[in-house]
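# Chains, contacts and geometry: an overview
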Amino acid sequence: MFRSLLRRAHPAAALRAHTGPAHRLAAARQLTDRARALIDDSVKHNSLVVFMKGTPDEPMCGFSRAVIQILQMHGVDEVVGIDCLQDPEIREGIKEYSDWPTIPQVYVKGEFIGGCDVMVQMHQSGELHELLVKEKILQPEPEPESATKKKD
């Protein structure tokens, strides 16, 4: 479901995923072992992580700010933000790691979700809330009282 959203949002991203071995080899050379280890560690050990320009408290670009605001609107209080401006290896490496050309990048439970435009689309469609609840980043909303009375 989320991969199809990714393809709809960025058809070019779907094409990049099917490029030949020479492209992947060249891309792999730009992702250093150090950067891969830092990115892997961040993605695998945090339920939700945003590779962004700036920090969640002080985003340094409008797209990073928009992603943080969307997450806050959904009630996500704590966001692990990795400031790509502080480390050129991470800034370039994250693009190769995900095969996605832009920052910010959002990962939920180790899976790449997308950038700002995908987050906006998921927010508008309701898919983001569903994902955050499914992955236990948010608690499900309690049923209204009238719904529980009908079950009894």
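Remember, predicted model here, so these are calculated numbers, not experimental data.

## Some points on unusual backbone geometry
For the bond running from I103 to P104, omega is 20 degrees, close enough to zero to count as cis. Here the phi dihedral of D99 falls at roughly 60 degrees; this positive angle occurs in a residue that is not glycine. The phi torsion at K136 lies on the positive side, around 60 degrees, for a residue other than glycine. With respect to the helices and strands, the residue K136 is situated in the loop between helix 8 (127-134) and helix 9 (145-151). Residue class for K136 comes out exposed when judged on its relative accessible area of 68%.

## Some words on the environment of D83
Within the secondary structure, D83 sits in strand 2 (residues 80-83). With relative accessibility at 18%, the residue D83 sits in the buried group. Expressed as a C-alpha distance, the spacing of D83 and E58, which sit 25 residues apart in the sequence, is 10.0 Å. In this structure D83 touches M52, K53, G54 and T55, once residues within four positions along its chain are discounted.

## Here's the deal with the confidence of the model for the chain
If pLDDT is low for a region, its predicted coordinates should not be looked at in detail. The pLDDT averaged across the chain works out to 84; a share of 76% of its residues lies at or above 70. Note on residues 1-21: pLDDT under 50 across the span, and 22 contacts to partners over four residues away in sequence or across chains.

## As for the packing of aromatic side chains
Within this structure, the stated rule accounts for four aromatic pairs. Seen in terms of ring centroids, F51 and Y107 are 5.7 Å apart; in terms of plane orientation they differ by 80 degrees. Their pairing is edge-to-face. A residue pair is termed long-range when its members are at least 10 positions apart, and F51 in strand 1 (residues 48-52) and Y107 in strand 3 (residues 105-108) qualify at 56 residues. A relative accessible area of 1% means that F51 is categorised as buried. For Y107, a relative accessible area of 3% puts it in the buried group. Through successive ring pairs, a cluster of aromatic residues spans F51, Y97, W100, Y107 and F112.

Cut-off values and rules
- All chains use their own residue numbering, which begins from 1 and follows the written sequence.
- Where local features are concerned, this predicted model is filtered to residues with pLDDT of at least 70; where side-chain atom pairs are given and counted, the filter is 80 or more; whole-chain, interface and lining totals use all residues.
- No hydrogens and no water enter the side-chain calculation; it runs on all heavy atoms of the structure.
- Only runs of H or I of at least four residues qualify as helices and only runs of E of at least two qualify as strands under DSSP, and these elements are numbered from the N terminus.
- Burial here depends on accessible area, computed with a 1.4 Å probe over protein chains only, as a share of the maximum for the residue type. Under 20% is buried, over 50% is exposed, and the range in between is partly exposed.
- In what follows, a contact means two residues having at least one pair of non-hydrogen atoms within 4.5 Å.
- Confidence of the predictor in every single residue is expressed as pLDDT, which spans 0 to 100.
- We call Phe, Tyr and Trp rings a pair once their centres come within 6.5 Å, taking the six-membered ring for Trp, and we label the pair stacked below 30 degrees between planes, edge-to-face above 60, and tilted otherwise.

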